[in-house]
Amino acid sequence: MLQDDYELLLKRTLEVAPDWLISDIQDILKNEGRHTGVSYVISQLHDRYSFSFRHILSAINFSDEWTMVSRERLSFIDNNIEVIVALYNDFKGKIGKNE
């Protein structure tokens, strides 16, 4: 694949990126500030959807909805690191212009 094809594909992918991913990345960058690195953002995304108190509460209520959602989102995060990096760079560019 040529570089131009890759960039076009990545641009189109960013246009259809899931809303939850966009809002999570924006939230992490807003809370942690301007000097946050992409590896920190990825680790925070993993922390949000890894086994947590939400899983326990969901199990207590006999619901497996959160488990399925978190599993799908973790899979998406793991399989789309390039998209996360591109979103991060896009948002960091916007943050740099605003400050």
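The preceding data block contains the structure.
Just so you know, the residues in each chain are numbered from 1, in the order the chain's sequence is written. Only residues with pLDDT of 70 or above have their local features reported here, since the model is predicted, and side-chain atom pairs are shown and tallied only from 80 upward, although totals for entire chains, interfaces and linings are computed over all residues. Neither water nor hydrogens contribute to the side-chain values; these are computed over all heavy atoms in the structure.

S.K.: Any chance you could explain the nonpolar core here in plain terms?
M.R.: One finds Leu 21, Ile 25, Val 41, Leu 45, Ile 84 and Leu 87 to be the most contacted residues of the largest nonpolar core, which totals 20 residues. Counting from the N terminus, the helices are DSSP H or I runs at least four residues long and the strands are E runs at least two residues long. Every element with two or more residues in this core is listed here: helix H2 (19-32), helix H3 (38-49), helix H5 (65-79) and helix H6 (81-98). For this core, the element with the most residues is H6, which contributes 6 residues. We call a set of buried Ala, Val, Leu, Ile, Met, Phe, Trp, Tyr and Cys residues a nonpolar core when their side-chain atoms join them within 4.5 Å. Burial classification: accessible surface area is computed with a 1.4 Å probe over protein chains only, and a residue below 20% of its type maximum counts as buried, one above 50% as exposed, and the rest as partly exposed.

S.K.: Mind showing me how you'd approach the side chain of Thr 36 here?
M.R.: By secondary structure assignment, the location of Thr 36 is in the loop between H2 and H3. Its relative accessible area of 6% is what places Thr 36 among the buried residues. Among the polar contacts made by the side chain of Thr 36, one reaches the main-chain carbonyl oxygen of Glu 32 at a distance of 3.5 Å. Here a polar contact means two N or O atoms within 3.5 Å. Within protein one must be a hydrogen donor candidate and the other an acceptor candidate, and residues neighboring in sequence count only if both atoms are side-chain atoms.

Keep in mind these numbers describe shape, not what the thing actually does.
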